[in-house]
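# Fold and geometry: a report
Residues per chain are reported as follows:
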Amino acid sequence: NEQDKLKKAVGEKAATMVKDGMKVGLGSGSTVYWMIRSLGERIQKDGLKIEGIPSSNQTAIWAEEAGIPLTDFSHVKELDITIDGADEVDANNHLIKGGGAALFREKVIAQAAKEFVIIVDQSKIVDTLGEFSLPVEVLPFSWHRTANEISKLGCVPTLRVNEEEPLVTDNGNYILDCPFKVIPFPDKLNKEIKSIVGVIETGLFIDMVTTVIVGEKDNINIK
Ligand code: DER
């Protein structure tokens with residue numbers, strides 16, 4: 001469908017930014033899927049030589065299927081580029097991420113990269129963050145208390161479930177989805193949530209993005 005075409009277009013565009021010899025942070029989600037596919041084609045056809053660090057088990061599977069050699073932080077100190085999707089992008093290129101429950105490792109590979117490139121279709125562009133419920137990764141031991149502390153900041157968190165059971169992240173933690181509706185000061189909210197002991201990481205990515213590639217109807221917009 002139309003949205004898939006846009007995701008494929010921006011995924012392929014981002015893949016062209018990957019050069020021989022690069023260490024690449026591989027994000028998660030259905031837009032990143034197309035970027036991984038495109039890198040695989042370049043490895044097959046042009047002999048592109050890269051190594052990737054995946055941000056989720058699902059991404060690791062897609063990367064292996066694409067023939068992308070995988071590495072990890074025991075071998076790589078810094079990444080040259082990380083390419084990832086997002087659930088919302090605001091006018092300052094702050095993000096909400098975590099729709100795919102991979103936000104913790106996604107934020108690690110984003111911070112570890114010289115360049116952090118976001119690939120989204122136009123539906124993710126917003127004026128103000130918050131319509132998409134903010135995912136927060138929390139320690140299962142204390143999640144009720146953590147949810148209660150977050151609710152004092154202005155929303156009622158819900159525990160993300162998967163077939164009636166709490167969803168467990170690749171790191172063995174839970175996800176709270178926090179419907180703030182509007183987040184006018186994302187940097188401040190991020191700091192407030194992070195200061196709650198029991199919060200592991202939030203889906204607010206503040207001042208991390210280098211480039212956003214936006215798939216629009218008949219155009220790819222770089223911002
Ligand atoms: O979970 C994530 O942060 C993903 O990157 C997600 O936000 C984007 O997923 P999509 O490309 O499937 O919309």
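Everything that follows concerns the structure shown earlier in this document.
Computed from a predicted model, the values in this text were never measured in an experiment.

What follows deals with the overall build of the protein chain. Counting its secondary structure elements, the protein chain contains 6 helices and 15 strands. When the backbone C-alpha atoms are referred to their principal axes, the protein chain occupies close to 55 × 40 × 35 Å. Taken over 223 residues, the protein chain has a buried fraction of 53%. A sequence separation of at least 24 residues applies to 75% of the contacts in the protein chain between residues at least 6 apart. When the accessible surface of the protein chain is totalled, it reaches about 10600 Å², and 51% of it is carbon and sulfur. For the protein chain, the distance from the average position of its 25 positive side-chain charges to the average position of its 34 negative side-chain charges is 3 Å.

Around the ligand, a shell composed of 15 residues is seen, among which Ser 30, Thr 31, Lys 97, Gly 100 and Lys 124 lie nearest. Between an oxygen atom of the ligand and a main-chain N or O atom of Gly 98, the distance comes to 2.9 Å. Gly 100 has a polar backbone atom sitting 2.6 Å from an oxygen atom of the ligand. Taken by itself the ligand offers 350 Å² of open surface, and the protein chains cover 90% of this. Within the shell around the ligand, the residues separate by chemical class into 1 nonpolar, 8 polar and 6 charged.

Further remarks concern unusual backbone geometry. The backbone of Ala 101 shows a phi angle near 65°, a positive value even though the residue is not glycine. Its place among the elements puts Ala 101 in the loop between strand E5 (95-96) and helix H4 (103-111). Note on Ala 101: relative accessible area 12%, which makes it buried.

Attention now moves to the environment of Glu 12. Tracing the chain through its elements places Glu 12 in helix H1 (residues 2-15). On the accessibility criterion, Glu 12 (31% relative accessible area) is partly exposed. Sequence spacing of Glu 12 and Thr 82 is 70 residues, and the spatial spacing of their C-alpha atoms is 14 Å.

The next point concerns the side chain of Thr 211. If you trace the backbone, Thr 211 turns up in strand E14 (residues 211-216). Apart from residues no more than four positions distant in its own chain, Thr 211 is found in contact with Glu 115, Phe 116, Val 117, Ile 118, Ile 222 and Lys 223.

It is worth spelling out the packing of H1 against helix H2 (residues 30-46) at this point. Packed helix pairs are characterised by how far apart their axes lie and by the angle those axes make with each other. Across the interface, H1 lies against H2 with an axial gap of 7 Å and an inter-helix angle of 45°. Viewed along their axes, H1 and H2 adopt a mutual orientation that is oblique. As for the relative orientation of H1 and H2, their crossing is right-handed in sense. Along its contact with H1, which presents Asp 4, Lys 7, Lys 8, Val 10, Gly 11, Glu 12, Ala 14 and Ala 15, the element H2 presents Ser 30, Thr 31, Trp 34, Met 35, Ser 38, Leu 39 and Arg 42. Class assignment for the residues of the contact of H1 with H2 results in 6 nonpolar, 4 polar and 5 charged.

Looking now at the packing of aromatic side chains. Two aromatic rings are characterised by how far apart their centres lie and by the angle between their planes. Here the structure, examined in full by the defined rule, presents 3 aromatic pairs. A network of ring pairs unites the aromatic residues Tyr 33, Trp 34 and Trp 62 as a single cluster. In this structure, Lys 97 packs its charged tip against the face of Phe 205, placed 5.6 Å from the ring centre. If you follow Lys 107 out to its NZ or CZ, it ends over the ring of Phe 205, 5.1 Å from the centre.

Turning our attention to the pairing of strand E3 (residues 79-84). Side chains on a regular strand alternate between the two faces of the sheet. Counted residue by residue, E3 has 6 buried out of 6 residues, so it is predominantly covered. One ladder, built from 3 bridges, connects strand E1 (residues 23-26) with E3; its direction is parallel. If you follow Val 24 over to E3, its bridge partner there is Ile 81.

One open sheet holds the 3 strands; their spatial order is E4-E5-E13, and the pairing between them is antiparallel. Each edge of the open sheet carries a strand with a single partner, namely strand E4 (88-89) and strand E13 (204-205). The sheet contact formed by E5 and E13 spans 2 bridges and is antiparallel. Note that in E13 the partner of Leu 95 across the bridge is Phe 205.

Calculation notes
Residues numbered from 1 in each chain as written. Predicted model: local features only at pLDDT ≥ 70, side-chain atom pairs only at ≥ 80, totals over all residues. Heavy atoms only, no water. Helix = DSSP H or I, 4+ residues; strand = E, 2+ residues; numbered from the N terminus. Buried < 20%, exposed > 50% of the residue type's maximum accessible area, 1.4 Å probe, protein only. Contact = heavy atoms within 4.5 Å. Areas by Shrake-Rupley, 256 points an atom, 1.4 Å probe, with all protein chains shown as cover. Lys, Arg positive; Asp, Glu negative; His and termini not counted. Charge placed at Lys NZ, Arg CZ, Asp CG, Glu CD. Near = heavy atom within 4 Å. Polar contact = N/O pair within 3.5 Å; in protein donor to acceptor, adjacent residues only side chain to side chain. Nonpolar A, V, L, I, M, F, W, Y, C, P; charged D, E, K, R; others polar. Axes fitted to C-alpha atoms, helices over the stretch in contact; angles between N-to-C directions. Parallel < 35°, antiparallel > 145°, perpendicular 65-115°, else oblique. Left-handed = near helix turned anticlockwise from the far one by under 90°. Phe/Tyr/Trp six-rings, centres within 6.5 Å; stacked < 30°, edge-to-face > 60°. Lys NZ or Arg CZ within 6 Å of the ring centre and 35° of its normal. Pairing = 2+ DSSP bridges.

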